2 protein chains.
Amino acid sequence: MGVSLMLNYREQASWPNAFGQQQSPIRLSSTLGANEGPSLPIMVKRSPLLTTVTNDQTTIKVIGNGTTQFFNRPSAFQQVHFHVPAEHVVDGHQAAMEIHLVHETGIGQKTVVALFAELGANNQPLQRLIDAFDAAAAVPVNLPLTDWLPQTPRGFHYLGSLTTPPLSEGVEWFVITNVAVTLSQDQLDWWQAHFPANNRALQPLNERIVERYGVK
Amino acid sequence: MGVSLMLNYREQASWPNAFGQQQSPIRLSSTLGANEGPSLPIMVKRSPLLTTVTNDQTTIKVIGNGTTQFFNRPSAFQQVHFHVPAEHVVDGHQAAMEIHLVHETGIGQKTVVALFAELGANNQPLQRLIDAFDAAAAVPVNLPLTDWLPQTPRGFHYLGSLTTPPLSEGVEWFVITNVAVTLSQDQLDWWQAHFPANNRALQPLNERIVERYGVK
């Protein structure tokens with residue numbers, strides 16, 4: 001790979017790096033970047049089927065399987081987990097909850113689809129996960145997530161990181177902003193009684209490009 | 001993103017990371033990983049057309065345009081440059097030269113296709129670049145790289161980094177091993193007279209998965 005400065009190959013140990021400059025979450029805005037098309041290039045080929053609920057100490061994590069294509073390239077659904085309150089902030093608004101659907105390719109490239117949930121009606125799939133939750137054990141469930149994924153997802157696309165250690169970069173983010181997922185005050189109360197707030201602080205955008213799809 | 005240890009969200013500044021654990025180049029081997037298919041999922045949609053030769057101090061860099069699909073997802077060709085001797089080592093062999101074709105998506109995800117050149121017949125496209133090379137200025141060329149990309153590419157696929165600063169991770173590598181590109185002793189002599197060796201040291205594989213395609 002080329003750089004514009006003369007590199008000394010005998011001093012490789014002292015080469016500078018830019019690790020940690022592409023972290024997540026970030027502040028998103030409808031005025032950020034260019035509009036690239038009417039909808040995010042996400043196509044669910046096999047809807048995420050949740051199979052096992054586990055207590056991740058800071059959140060409920062639900063393992064499962066499924067396949068989603070991003071820009072026509074398939075990636076395997078691995079797990080979904082929840083942040084309360086939301087991690088990404090969109091146009092100054094922080095949602096009550098952010099749902100992360102984590103996908104991975106064969107060599108470990110991660111793609112996370114983020115959805116937001118606002119206070120409102122009771123969320124049935126979330127209630128099934130709450131009902132199945134057991135602090136001491138992994139619990140089987142059988143729950144398709146079709147309802148949470150919109151036919152025409154709109155939102156943001158950018159390159160970031162895991163939001164918990166090891167904070168690895170090279171994570172592709174699709175942040176969907178047009179999903180009308182809700183959770184009830186009872187569900188939020190249950191959540192806050194079981195877990196402390198688990199939203200990572202907003203990270204600097206630095207030199208990154210954010211793409212918008214259908215966000216006006 | 002979930003982890004198995006209890007995270008303290010009030011101590012985020014002290015969270016550990018794994019930056020620098022997925023670096024390139026690496027040592028590759030026909031016995032590494034699983035064979036995923038007969039050929040690497042690379043499809044050239046618009047052959048790289050080289051337009052401008054620049055002196056990058058440590059190598060010739062040639063900027064151009066084109067589009068290649070990786071797993072059916074398009075990425076834009078940006079530039080090609082050269083490492084002498086090769087950076088990746090395959091089954092213990094280090095080629096005379098390694099050619100890096102760098103591609104990038106709209107949000108900055110980099111994909112590098114690596115090809116090797118061995119000592120042999122004169123390489124015509126390379127000779128045109130050498131002839132166009134001028135240490136003082138960027139020089140226009142008009143050169144399609146079709147000859148260098150095989151119809152059925154075979155080799156390795158893994159997640160790594162840039163091999164020069166900023167050493168950014170999340171770079172997708174396709175290392176093609178079945179290309180019969182050669183360069184002559186005269187061309188190699190010219191190269192070594194103009195540039196010192198510019199191969200980065202081999203980096204540890206750590207926990208990464210390497211996929212093979214058509215490598216036996």
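Before going into details, it helps to say that this report is about the structure given with it. (Residues numbered from 1 in each chain as written. Chains lettered and ligands numbered in written order. Predicted model: local features only at pLDDT ≥ 70, side-chain atom pairs only at ≥ 80, totals over all residues. Heavy atoms only, no water.)

What follows covers the overall build of chain A. The secondary structure content of chain A amounts to 2 helices and 13 strands. Its C-alpha atoms give chain A a radius of gyration of 18 Å, within 12% of the compact-globule value 17 Å for 216 residues. Taken along the three principal axes of its C-alpha coordinates, chain A extends 60 × 40 × 30 Å. Within chain A, the proportion of its 216 residues that are buried is 54%. Intrachain contacts of chain A at a sequence separation of at least 6 include 67% that bridge at least 24 residues. Put simply, chain A shows about 9100 Å² of open surface, and 51% of that area lies on carbon and sulfur atoms. (Helix = DSSP H or I, 4+ residues; strand = E, 2+ residues; numbered from the N terminus. Rg over C-alpha atoms; globule rule 2.2 N^0.38 Å. Buried < 20%, exposed > 50% of the residue type's maximum accessible area, 1.4 Å probe, protein only. Contact = heavy atoms within 4.5 Å. Areas by Shrake-Rupley, 256 points an atom, 1.4 Å probe, with all protein chains shown as cover.)

To continue, consider the pattern of salt bridges. Residues and elements named next belong to chain A. All chains considered together, the criterion is met by 4 salt bridges over all chains. Of the charged contacts, one joins Glu104 and Lys110 as a salt bridge, the two residues approaching to 3.1 Å between their closest N and O atoms. Judged by relative accessible area, Lys110 falls into the partly exposed class, the value being 24%. (Salt bridge = Lys/Arg side-chain N within 4 Å of Asp/Glu carboxyl O.)

Contacts between chain B and chain A engage 52 residues on the former and 52 residues on the latter. Regarding the contact of chain B and chain A, the summed buried area is about 4600 Å², with carbon and sulfur atoms giving 64% of it. Our count for the chain B to chain A interface comes out at 2 salt bridges. Glu172 of chain B is the salt-bridge partner of Arg73 of chain A, the closest N and O atoms lying 2.8 Å from each other. Between chain B and chain A we count 10 residue pairs in polar contact (both at pLDDT 80 or more) in total. Secondary-structure elements contributing two or more residues to the side of chain B that touches chain A are β5 (73-83), β7 (97-104), β10 (155-161) and β11 (169-176) of chain B. (Buried area = accessible area lost by both parts, 1.4 Å probe. Polar contact = N/O pair within 3.5 Å; in protein donor to acceptor, adjacent residues only side chain to side chain.)

On to the relation of the copies chain B and chain A, then. Note on the identical chains: chain B maps onto chain A by a rotation of 180 degrees and an axial translation of 0.0 Å, with an RMSD of 0.0 Å. Both copies of the chain, as the preceding transformation shows, are related through a two-fold rotation axis. Across chain B, the rotation axis passes nearest the C-alpha of Gly170 of chain B, at a separation of 2.0 Å. With an isologous cut-off of 70% or more, the 100% of interface residues of chain B that recur at the interface of chain A puts this contact in the isologous class. (Least-squares fit on C-alpha atoms with pLDDT ≥ 70 in both.)

Residues and elements named next belong to chain A. Axis separation between helix α1 (residues 124-132) and helix α2 (residues 185-194) bottoms out at 11 Å; the angle between their running directions is 35 degrees. Pair α1 / α2 crosses with left-handed handedness. Of the residues in α2, those touching α1 at Leu126, Gln127 and Ile130 are Gln187, Trp190 and Trp191. Split into classes, the residues belonging to the contact of α1 with α2 amount to 4 nonpolar, 2 polar and no charged. (Axes fitted to C-alpha atoms, helices over the stretch in contact; angles between N-to-C directions. Left-handed = near helix turned anticlockwise from the far one by under 90°. Nonpolar A, V, L, I, M, F, W, Y, C, P; charged D, E, K, R; others polar.)

Let us look at the pairing of strand β9 (residues 139-144) of chain B. All names here are of chain B. Side chains Val139, Val141 and Leu143 project from β9 onto a buried face, and the interleaved Pro140, Asn142 and Pro144 project onto a face without burial. Pairing between strand β3 (residues 42-55) and β9: 4 bridges, direction antiparallel. Among the inter-strand pairings, Leu50 is bridged to a residue of β9, identified as Leu143. (Pairing = 2+ DSSP bridges.)

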